[in-house]
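Here is how the chains run, residue by residue.
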Amino acid sequence: MASQVLRAAAVALMFFGIAKAQAASSVLIWPIDPVLEADQQASALWLENRGSETANLQIRVFAWSQNGFNDQYQNQRDVIGSPPVAKIEPGQKQLVRLTRTKDVPPGQELAFRIIIDEIPSATPPAAEDGKTAAAIRFQMRYSVPLFAYGAGLWSKEDANRPRDPKGVGLPDLSWRTVAVDGRSYVEVRNQGAVHARLTDVALKQGGQSKPLVEGLLGYVLPGAVMRWPAPGPLTGESALLVRVNGASEVQSISPLR
């Protein structure tokens, strides 16, 4: 399944008549970074309907890998989201239980994506004169990362959970620039035990920094290489500045030799 299909998206569904735009619902999701620790059989994800209409949602959990510089998603049964379908009235909340059905191998991190699709109403809205209204209704898709850990490995700090410092997993990042069809790209490789979430990414050249993108650039899973367009032609020595997994400080990543 192509990665772009599973990213957060809005699909406009059009009904003919008097045109107006509607946002069916607004769903708040937390936590935005759920995990399944090695000693946890299940974790919780909350959905809250902040909109004015009933939200009908489908919840699915896919295995997540990276290959050929792209995100890949596959059907799986190692982690199950329950309920798979939720009907949430305005102002109400719904608990989604994320339950593992098998253990993660010791010392490993497995990545998943929770895909939450809003199912649009089959009934077109009515106009004030009683006729069928034309509306642009937005079908929202939300994508939330989920990471599960095997025995002896952890990544996310938790003040309420005792930790063995020896089990902390860290990304091991390196980078290089490549030219493809005359365009410059930045490649980031992760040889660490856990994922890297990259934000505030910038290329520094000659004392000037150029951001690759505002906010979140993306993830690099363990053993993967991901590629993003550079902000322009690259000449001479460059440094890649990155905030990894929400760290308080931006760090400089070592160039790949």
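Residues numbered from 1 in each chain as written. Predicted model: local features only at pLDDT ≥ 70, side-chain atom pairs only at ≥ 80, totals over all residues. Heavy atoms only, no water.

## Looking at the overall build of the protein
Turning to step 1, where the next piece is worked out: Summing up its helical and strand segments, the protein has one helix and 20 strands in all.
Turning to step 2, where the next piece is worked out: Across the 257 residues that make up the protein, the buried fraction comes to 39%.
Turning to step 3, where the next piece is worked out: For the protein, restricting intrachain contacts to residue pairs at least 6 apart in sequence, the fraction spanning at least 24 positions comes to 70%.
Turning to step 4, where the next piece is worked out: Here the protein displays about 14,000 Å² of accessible surface, and carbon together with sulfur accounts for 51% of that area. (Helix = DSSP H or I, 4+ residues; strand = E, 2+ residues; numbered from the N terminus. Buried < 20%, exposed > 50% of the residue type's maximum accessible area, 1.4 Å probe, protein only. Contact = heavy atoms within 4.5 Å. Areas by Shrake-Rupley, 256 points an atom, 1.4 Å probe, with all protein chains shown as cover.)

## Quick word on empty space enclosed by the protein
Turning to step 1, where the next piece is worked out: A complete count under the given rule lists one cavity of 30 Å³ or more for this structure.
Turning to step 2, where the next piece is worked out: Counted as a void, the largest cavity has a volume near 30 Å³.
Turning to step 3, where the next piece is worked out: If you trace the largest cavity, you find it lined by Ser174, Trp175, Arg176, Glu187, Val188, Arg189, Val225 and Leu256.
Turning to step 4, where the next piece is worked out: In terms of residue class, the lining of the largest cavity is built from four nonpolar, one polar and three charged. (1 Å grid on protein atoms, 1.4 Å probe; cavity = no way out; pocket = protein on both sides within 12 Å on 5 of 7 lines; lining within 4 Å. Points joined across faces, edges and corners; volume = space filled by probe spheres on them. Nonpolar A, V, L, I, M, F, W, Y, C, P; charged D, E, K, R; others polar.)

## Quick word on the pattern of salt bridges
Turning to step 1, where the next piece is worked out: Within this structure, the stated rule accounts for 10 salt bridges.
Turning to step 2, where the next piece is worked out: Note that lysine 156 is salt-bridged to aspartate 33, the shortest N-O span being 3.1 Å. Taken together, the residues lysine 156 in the loop between strand E12 (134-149) and strand E13 (173-180) and aspartate 33 in the loop between strand E3 (27-30) and strand E4 (35-36) connect sequence positions 123 residues apart.
Turning to step 3, where the next piece is worked out: Take lysine 156: its relative accessible area is 30%, and that puts it in the partly exposed class.
Turning to step 4, where the next piece is worked out: Aspartate 117 is paired through a salt bridge with arginine 60; the nearest N and O atoms lie 2.6 Å apart. (Salt bridge = Lys/Arg side-chain N within 4 Å of Asp/Glu carboxyl O.)

## A closer look at the layout of surface pockets
Where empty space is left becomes clear once a probe the size of a water molecule has been rolled over the atoms.
Turning to step 1, where the next piece is worked out: The computed volume of the largest pocket comes to approximately 1,000 Å³.
Turning to step 2, where the next piece is worked out: In terms of lining residues, the largest pocket is bounded by 43 residues, among which Pro145, His195, Arg197, Tyr219 and Asn245 are the most central.
Turning to step 3, where the next piece is worked out: Elements represented by at least two residues in the lining of the largest pocket include exactly helix H1 (3-6), strand E6 (55-67), strand E7 (70-75), E12, strand E17 (216-220) and strand E18 (225-229).
Turning to step 4, where the next piece is worked out: In terms of residue count, E12 provides more of the lining of the largest pocket than any other element does, six residues in total.
Turning to step 5, where the next piece is worked out: Here the lining of the largest pocket is composed, by residue class, of 24 nonpolar, 11 polar and eight charged.

## Focus: a nonpolar patch on the surface
Turning to step 1, where the next piece is worked out: A cluster of nonpolar residues, Leu28, Trp30, Trp46 and Leu95, forms a patch on the protein surface that exposes about 310 Å² of accessible area.
Turning to step 2, where the next piece is worked out: Counting through the fold element by element, tryptophan 30 comes out in strand E3.
Turning to step 3, where the next piece is worked out: Among the residues examined, tryptophan 30 registers a relative accessible area of 31% and is labelled partly exposed. (Patch = residues over 30% accessible without salt bridge, like charges linked within 9 Å, V, L, I, M, F, W, Y side chains within 5 Å.)

## A look at the side chain of glutamate 37
Turning to step 1, where the next piece is worked out: Here glutamate 37 is to be found in the loop between E4 and strand E5 (42-49).
Turning to step 2, where the next piece is worked out: In terms of polar contacts, glutamate 37 uses its side chain to reach the side chain of arginine 163, at 2.8 Å.
Turning to step 3, where the next piece is worked out: When sequence neighbours within four positions are dropped, the list of residues in contact with glutamate 37 reads Arg100, Tyr149, Trp154, Lys156, Arg161 and Arg163. (Polar contact = N/O pair within 3.5 Å; in protein donor to acceptor, adjacent residues only side chain to side chain.)

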